[in-house]
Every structure is written in structure tokens, then in C-alpha cells.
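Chains, contacts and geometry: an overview
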Amino acid sequence: MDSYCRELASPGVFQTVLSVLIILGIILSYLPQHIRIISRRSSFGISPYFVLLGVTSGTSAFANILVFPSTAQDVACCQEISGIACFAGLLGVFQVAMQWLCFFSILLLYVIYFPRATSPTDPVGTVSSTSGGPTYRTALVITGICLLHALVTIMISLAFELRHPAAVSAWANFLGVLAAILASIQYFPQIYTTFRLRCVGSLSISMMCIQTPGSLVWAASLAARKGWSGWSIWGILVVTACLQGTLLTMAIYFDSFGSKTEWKVGQPAGQNEVPDGSTLAGEPAHEERPSEETPLLQSQ
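Keep in mind that this is a model prediction, so the values were computed, not measured. (Residues numbered from 1 in each chain as written. Predicted model: local features only at pLDDT ≥ 70, side-chain atom pairs only at ≥ 80, totals over all residues. Heavy atoms only, no water.)

**What to know about the overall build of the chain**
A tally of regular secondary structure across the chain gives 10 helices and 2 strands. For the chain, the N- to C-terminal ordering of α and β elements is α-α-α-α-α-α-α-α-α-α-β-β. For the chain, the proportion of its 300 residues judged to be buried stands at 46%. Counting only contacts in the chain whose residues sit at least 6 apart along the sequence, the fraction spanning at least 24 positions is 79%. When the accessible surface of the chain is split by element, carbon and sulfur atoms take 67% of a total near 15800 Å². (Helix = DSSP H or I, 4+ residues; strand = E, 2+ residues; numbered from the N terminus. Buried < 20%, exposed > 50% of the residue type's maximum accessible area, 1.4 Å probe, protein only. Contact = heavy atoms within 4.5 Å. Areas by Shrake-Rupley, 256 points an atom, 1.4 Å probe, with all protein chains shown as cover.)

Laid out in C-alpha cells, this is it:
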């Protein structure tokens, strides 16, 4: 048994307990977002590009830690050390995997509960399409891009592992940098969407309250395990925490002091409605305005 495996065979109790708590914290931090979308039965207010960048960033980060040379060493040492020590040594991988799985669940819920239109001419459109918002087609395209990105990443990683093992470290760093870049710009579409809507919609403030400080703790845990050589792994979390804190501040402000106008089916109340849901005098309550989705021929 070499020195690396001997060190791995005696995991620190504090570090192991902290890593397990981080995994539980990741699950608990995403639950409010999952529950909010399901309870509202709508993903209105969540930017599709925020979801796209989040999933692709998570995929890159997951692939990064899987192909990272130290992870291969950890797996190799599992043949010589106890099962508990092996589990403790791979907790960093489990953390990133759980984070990816939880965010991928947001993608699924985003598509499932995307506000759908009732227009007979465009069954996969959305009500928000008439106001320049994302459509259901956008949600489907983003899902396809996320799956394609994951497939391509897996294929390239396997190609490096099997044919060019000497370049695996460079590929891992590239994935880490890519994940960091995607994570860096991930929150800008959501910040813009929240600012434009002046409300949080289905975005969970509770999730961000847990994740913003939690990401810093998680980054410190990974930094202690991987050291400065693993900057491409834990650096992503530091960047994410800073941007998420910005979005959290904005969300709390709009939720507390923003407009109280009622939002329905993915867009604000009609121009003939006032914030309390009533209609202006002299205008019918259910009059529909023609749009580009309105059929040309209608029954009189």
C-alpha cells in the first residue's frame, strides 16, 4: 500500500462527517425549489437559460471530478482499504453527483410544469410567447441540448481515458474551467428574468438562502480534500455562491417590496385588470385580445 492509500485508509472523522452533512444539505437545499414548482404547478419565473447553463455546468463539473486523476487514485485504493474508508474518500464525487442530480430534477420539473398554451393553432406554444417570453418549444430544445451535452462529454471522456490517458488531466481541467464559465454566467439570465418580471415566480428563495452559504462551506470542504491543485473543482462553487447571493438579494427585495400585481399563467394581468383582480369599469372581464396565435377564421 503506497503512502496515498495509507492516508486515505485513515479518514478524518470531522472531514467525513462534514462531507456527509454537505450531501444531506444539498438534497435539503434543492427540495424547496422542487416543492415550489410542484405546489404551484408552474415553472413560471424561472429562466430557461438559467436551467440550461445550470445543467450543463453541473454535467461538466461532474465529469471533471470523475476524470480527475486523484479520483482514479481513490478508486484504485478502494481495493486495498476498508469500505468505510473508500466511501469517505469518494464523498467528494458523491457530493458533485448529488448536486447534478438535483439540478437535473429542476430541468425535468421545468419542462413538466411549463405554462402551456390552449391555442388550437400552436399546441406546444405558451401564453408568454405573445409577449416575447419563452415557449414550450424552447423548453424542449433546452432539454435536448442538455442531454446532447452530457452524451458528448461522456464520449470524449471515454476517448481520453482509453486512447490518450496522458491528456486526461488537461481534459479534466478544461471541464473544470468550462463548468466555472457556465456557472459564472448561469445566474445572469435568471437575474435578468427576475428583474424584468419584478417577482420571483416559482423561484425558491428558501433554496437560495440555504445554498448561498452552503456553497461556500462545500467549497471549503472540497478545497481541504483536493488542495490548490483541485481549484477547478471547488472554484466553481465560490463563483456560484457570489452570483447566487446577488440573485437572492434581488429576489428578497421584489418579494418584500415589489409589485403586488397578480400574475397568471406565465404573464401579468391584462391591461383591463387592476392588481386586486377586478376589471376596469365598462370592459368585459373575459375579453380575449387577438394575437399572432389567434385563428384567422373564427365562428361568429
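**Thoughts on helix α2 (residues 13-40)**
The end-to-end C-alpha distance of α2, which contains 28 residues, comes to 41 Å, matching closely the 40 Å that a straight helix rising 1.5 Å per residue would cover. Residue L31 marks the point of greatest curvature in α2, where the axis turns by about 25 degrees; the proline P32 follows within four residues. For α2, the full list of buried residues reads S19, I22, I23, I26, S29, Y30, Q33, H34 and I37. In this structure, the buried side of α2 is in contact with α6 (91-112) and α9 (205-226). Immediately downstream of α2, the backbone of R41 shows phi near 55 degrees, a positive value. (Expected span 1.5 Å × (residues − 1). Bend = angle between axes of the 7 residues up to and from the residue.)

**Notes on the state of the cysteines**
Structurally, a disulfide amounts to a covalent bond that connects the sulfur atoms of two cysteines. Summed over all chains, the structure comprises 2 disulfides. Two residues share a disulfide in this structure: C5 and C77, whose sulfurs sit 1.9 Å from each other. The chirality of the disulfide connecting C5 with C77 is left-handed, given an S-S dihedral of about -75 degrees. Here C77 lies in helix α4 (residues 69-77) and C5 lies in helix α1 (residues 3-9), a separation of 72 residues in the sequence. A relative accessible area of 2% places C77 in the buried class. Sulfur-sulfur distance for the disulfide between C78 and C86 comes to 1.9 Å. Between C78 and C86, the S-S dihedral sits near 85 degrees, and the bridge is therefore right-handed. C78 gets classed as partly exposed once you look at its relative accessible area, which sits at 21%. Accessibility expressed as a relative area gives 15% for C86, which makes it buried. In the chain, the bonded cysteines, numbered by position in the sequence, are linked as 1-2, 3-4. (Disulfide = S-S within 2.5 Å.)

**A short note on the packing of aromatic side chains**
When we look at a pair of aromatic rings, we describe it by the centre distance and by the angle of the planes. What the rule picks out here adds up to 13 aromatic pairs. Pairing Y253 with F254 gives two aromatic rings, centres 5.6 Å apart and planes at 65 degrees, and the pair type is edge-to-face. Owing to a relative accessible area of 9%, F254 belongs among the buried residues under this scheme. Three or more aromatic residues joined by ring pairs form one cluster here, namely Y30, F50, F103 and Y187. (Phe/Tyr/Trp six-rings, centres within 6.5 Å; stacked < 30°, edge-to-face > 60°.)

**A short note on the UniProt feature "transmembrane region" (unreviewed entry) in the chain**
Sites flagged by UniProt as "transmembrane region" (unreviewed entry) map to residues 12-31, 43-69, 81-114, 135-160, 166-188, 200-219 and 231-254. Note that residues 166-188 is 91% helix and 0% strand, and that its end C-alpha atoms are spaced 36 Å apart. Secondary structure across residues 200-219 comprises 75% helix and 0% strand; the distance between its end C-alpha atoms is 27 Å. (UniProt positions renumbered as here; feature names shortened; annotations may be inferred.)

**Topic: the packing of α6 against helix α7 (residues 136-163)**
Where α6 meets α7, the axes come as close as 10 Å, and the angle between the chain directions of the two elements is 155 degrees. It follows from the interaxial angle that α6 and α7 lie roughly antiparallel. Seen along the crossing, α6 lies across α7 with a hand that is left-handed. Facing α6, whose interface residues are F104, L107, Y110 and V111, α7 presents Y136, A139, L140, I142, T143, C146 and L147. The residue makeup of the contact of α6 with α7, split by class, is 10 nonpolar, 1 polar and no charged. (Axes fitted to C-alpha atoms, helices over the stretch in contact; angles between N-to-C directions. Parallel < 35°, antiparallel > 145°, perpendicular 65-115°, else oblique. Left-handed = near helix turned anticlockwise from the far one by under 90°. Nonpolar A, V, L, I, M, F, W, Y, C, P; charged D, E, K, R; others polar.)

**Focus: the side chain of S202**
Tracing the chain through its elements places S202 in the loop between α8 (168-197) and α9. Accessibility expressed as a relative area gives 0% for S202, which makes it buried. A polar contact of 2.6 Å, which involves the side chain of S202, links it to the backbone oxygen of S42. The contact partners of S202, leaving out residues within four places of it in the chain, are Q33, R36, I37, R40, S42, S43, F44, G45 and I46. (Polar contact = N/O pair within 3.5 Å; in protein donor to acceptor, adjacent residues only side chain to side chain.)

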